[in-house]
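Structural description and commentary
In case you want the letters, here they are:
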Amino acid sequence: LTGMFGLEAPELDKDDPEYNVKWKPWDDRLAEQYCNVKKGITVAGLKRAAARLCMRHGVMCIALPVSDYAGDIVGWMFLRQNGEPFEQKGGNRPKAICKVRDKTNGAFVCDPAVMRELAEFDQEDRETVYWCEGAPDMLAGLSHKFDNEFWLITNCHGTNENGQ
């Protein structure tokens, strides 16, 4: 919209999770390419996780929202759309890159609506929450039909992060 009205989009700080991200319309065919590499994950599972498509630093990515305890989006986990690890300086090849705003209180990879729903329940009334060992496990779980009696979430850094 900014281009239509001759306005410029505000410049984002390099530490902002959306820095150098260009959002793209959802395309099931592009998402299916990721699913073909990551067996057990379906387009429906990506949609249930509120995934989005984007270009980040010139690389097509699937972006998963990172939510705080209140269900506000505080960052994004980026997965290469072709399922390959990212190339980074120093030979590091991470499978995912997670960017979260500074001073975030809790960061969970899941549909923000899940965190908002969980926040409304008392501890005793909460349904079962499954903490997965990373985004692929969560996405695979969301790809299978179940009756929504439980939620699937994960943390930003999978097995490299304490789930407390």
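First, a word on what this report is: a plain description of the structure on this page. (Residues numbered from 1 in each chain as written. Predicted model: local features only at pLDDT ≥ 70, side-chain atom pairs only at ≥ 80, totals over all residues. Heavy atoms only, no water.)

Once that is clear, we can look at the pattern of salt bridges. One pass over the structure, following the stated rule, counts 2 salt bridges. For the salt bridge of R29 with D27, the shortest nitrogen-to-oxygen distance reads 3.2 Å. The salt bridge involving K47 is made with D28; its shortest N-O contact spans 3.2 Å. Pair noted here: K47 is in helix α2 (residues 43-48) and D28 is in helix α1 (residues 28-37), with a separation of 19 residues, a long-range link. Overall, the relative accessible area of 37% leaves D28 in the partly exposed class. (Salt bridge = Lys/Arg side-chain N within 4 Å of Asp/Glu carboxyl O. Helix = DSSP H or I, 4+ residues; strand = E, 2+ residues; numbered from the N terminus. Buried < 20%, exposed > 50% of the residue type's maximum accessible area, 1.4 Å probe, protein only.)

Here the focus is the nonpolar core. Core analysis: the biggest nonpolar cluster contains 32 residues, and L46, L64, V66, M77, M138 and L139 have the highest contact counts within it. Among the elements of the structure, α1, α2, β3 (59-67), β4 (73-80), β6 (108-109), α3 (112-120), α4 (135-142) and β8 (150-155) are those that each provide at least two residues to this core. Membership of the second largest hydrophobic core comes to 8 residues, among which are V21, C54, A63 and F78. (Core = buried A, V, L, I, M, F, W, Y, C linked by side-chain atoms within 4.5 Å.)

Here the focus is the packing of aromatic side chains. Applying the stated criterion across every chain yields a total of 1 aromatic pair. Residues W23 and W76 carry aromatic rings whose centres are separated by 4.7 Å and whose planes lie at 55° to one another, so their mutual orientation is tilted. With W23 in strand β1 (residues 21-24) and W76 in strand β4, this pair connects stretches of sequence that are 53 residues apart. The residue whose ring lies beneath R52 is W23, and the NZ or CZ to ring-centre distance is 3.9 Å. Above the face of the F78 ring, R56 is positioned so that its terminal group lies 4.9 Å from the ring centre. (Phe/Tyr/Trp six-rings, centres within 6.5 Å; stacked < 30°, edge-to-face > 60°. Lys NZ or Arg CZ within 6 Å of the ring centre and 35° of its normal.)

A few words now on unusual backbone geometry. One non-glycine residue, N20, adopts positive backbone phi at about 65°. Within the element layout of this structure, N20 appears in the segment before β1. Overall, the relative accessible area of 32% leaves N20 in the partly exposed class. A positive phi angle, near 65°, is found at A50, a position not held by glycine. Locating A50 in the fold gives a position in the loop between α2 and β2 (52-56). Residue classification places A50 among the partly exposed positions, given a relative accessible area of 25%.

Buried residues dominate β3, accounting for 7 of its 9 residues. Here β2 pairs with β3 via 5 bridges, running antiparallel. If you follow R52 over to β3, its bridge partner there is A63. With antiparallel pairing between neighbouring strands as the criterion, β2 and β3 make up a hairpin whose turn holds 2 residues, including H57 at a positive phi of roughly 50°. Bridging between β3 and β4 involves 7 bridges; their strand directions are antiparallel. Within β4, the residue paired with V66 across the bridge is G75. What sits between β3 and β4 in their antiparallel hairpin is a turn of 5 residues, with G71 showing a positive phi close to 90°. Both β3 and β6 contribute to a ladder of 2 bridges, which runs antiparallel. Its bridge partner lying in β6, S67 is registered against F108. (Pairing = 2+ DSSP bridges.)

The next point concerns the side chain of R56. With respect to the element layout, R56 can be found in strand β2. For the buried residue R56, which engages in no salt bridge, the nearest side chain bearing the opposite charge is D16, 9.5 Å off. Contacts of R56, omitting those with residues within four sequence positions, involve N20, V21, C61, F78, I97 and K99. (Lys, Arg positive; Asp, Glu negative; His and termini not counted. Contact = heavy atoms within 4.5 Å.)

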